[in-house]
Amino acid sequence: MGEISRKFKPNSTDGGSSSLERGELFTKLESSACGVDLIVNQKYLITGQLMKDHRAHISLCDFIKESSKVTEQQLEGFGGHYRCS
């Protein structure tokens, strides 16, 4: 199964040399292979994996939510307030 590159405009990045800096996310082509379909011009909060080749990959198993639907508690958690027990 192939991959597809999704172009985006990042709100913020870590200043590294990853595909995120170039505005690229990679995902599988089909949802049956855990590929993600995003809506153009929609803002999202997304988690994913940064691979050794500096490519950012997302899948259906990652946290992907329209930013307008993210709660304050979720934002605080992603800011470093989640604790593992």
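What you see is a predicted model, and the numbers here were worked out from it, not measured in a lab.

This paragraph deals with the overall build of the protein chain. From N to C terminus, the protein chain includes one helix and six strands. By the burial criterion, 20% of the 85 residues in the protein chain qualify as buried. Within the structure as shown, the protein chain displays about 6400 Å² of accessible surface, and the carbon and sulfur contribution to it stands at 52%.

With the exception of glycine, most residues fall at negative phi, and the peptide bonds are largely trans. Here cysteine 34, not a glycine, exhibits a phi torsion of approximately 75 degrees, which is positive. When you line up the elements, cysteine 34 lands in the loop between strand 2 (24-28) and strand 3 (44-46). The phi torsion at histidine 54 lies on the positive side, around 70 degrees, for a residue other than glycine. Assignment of secondary structure puts histidine 54 in the loop between strand 4 (49-50) and strand 5 (56-57).

Moving on to the side chain of serine 59. Locating serine 59 in the fold gives a position in the loop between strand 5 and strand 6 (64-66). On the basis of relative accessible area, serine 59 is assigned to the buried category, the value being 17%. Aside from chain neighbours lying at most four places away, what touches serine 59 is Cys34, Val36 and Ile64.

Calculation notes
- Residues numbered from 1 in each chain as written.
- Predicted model: local features only at pLDDT ≥ 70, side-chain atom pairs only at ≥ 80, totals over all residues.
- Heavy atoms only, no water.
- Helix = DSSP H or I, 4+ residues; strand = E, 2+ residues; numbered from the N terminus.
- Buried < 20%, exposed > 50% of the residue type's maximum accessible area, 1.4 Å probe, protein only.
- Areas by Shrake-Rupley, 256 points an atom, 1.4 Å probe, with all protein chains shown as cover.
- Contact = heavy atoms within 4.5 Å.

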